[in-house]
Amino acid sequence: MILDIIDSINEFIEPARSFVEDNHNNPFMWLAFVLIGIAIFAITYNALNKNNQ
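Summary of the structure given here. (Residues numbered from 1 in each chain as written. Predicted model: local features only at pLDDT ≥ 70, side-chain atom pairs only at ≥ 80, totals over all residues. Heavy atoms only, no water.)

In the structure shown here, the tally under the stated rule is two aromatic pairs. Where W30 meets F33, the ring centres are 5.5 Å apart and the plane angle is 85°; that geometry is what we call edge-to-face. Placement of the pair is W30 and F33 together in helix α2 (residues 27-48), with a separation of three residues, close to one helical turn. Aromatic side chains F41 and Y45 sit 6.0 Å apart centroid to centroid with 25° between the ring planes, which places their arrangement in the stacked category. Taken together, the residues span about one helical turn, with F41 and Y45 both in helix α2 at a distance of four residues. (Phe/Tyr/Trp six-rings, centres within 6.5 Å; stacked < 30°, edge-to-face > 60°. Helix = DSSP H or I, 4+ residues; strand = E, 2+ residues; numbered from the N terminus.)

Right under this line is the structure:
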């Protein structure tokens, strides 16, 4: 059962993994990843600190 879940996750992630491997030299992709990460952090930070404002 657990191995089936892990296999399903691996099958789901494989296209994204191959995309990153094919485009690992693209600086715009890494810039987009960083900006998305900062946006997720900012949204989470603001949601958790609503009472302090």
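For the rest of this paragraph, the subject is the pattern of salt bridges. As enumerated under the stated definition, the model contains one salt bridge in all. We note a salt bridge from E14 to R17, for which the minimum N-O separation is 3.3 Å. Residue E14 and its partner R17 are both found in helix α1 (residues 2-22); the two are separated by three residues, about one turn of the helix. (Salt bridge = Lys/Arg side-chain N within 4 Å of Asp/Glu carboxyl O.)

In short, the description is geometric, and any link to function would need to be established separately.
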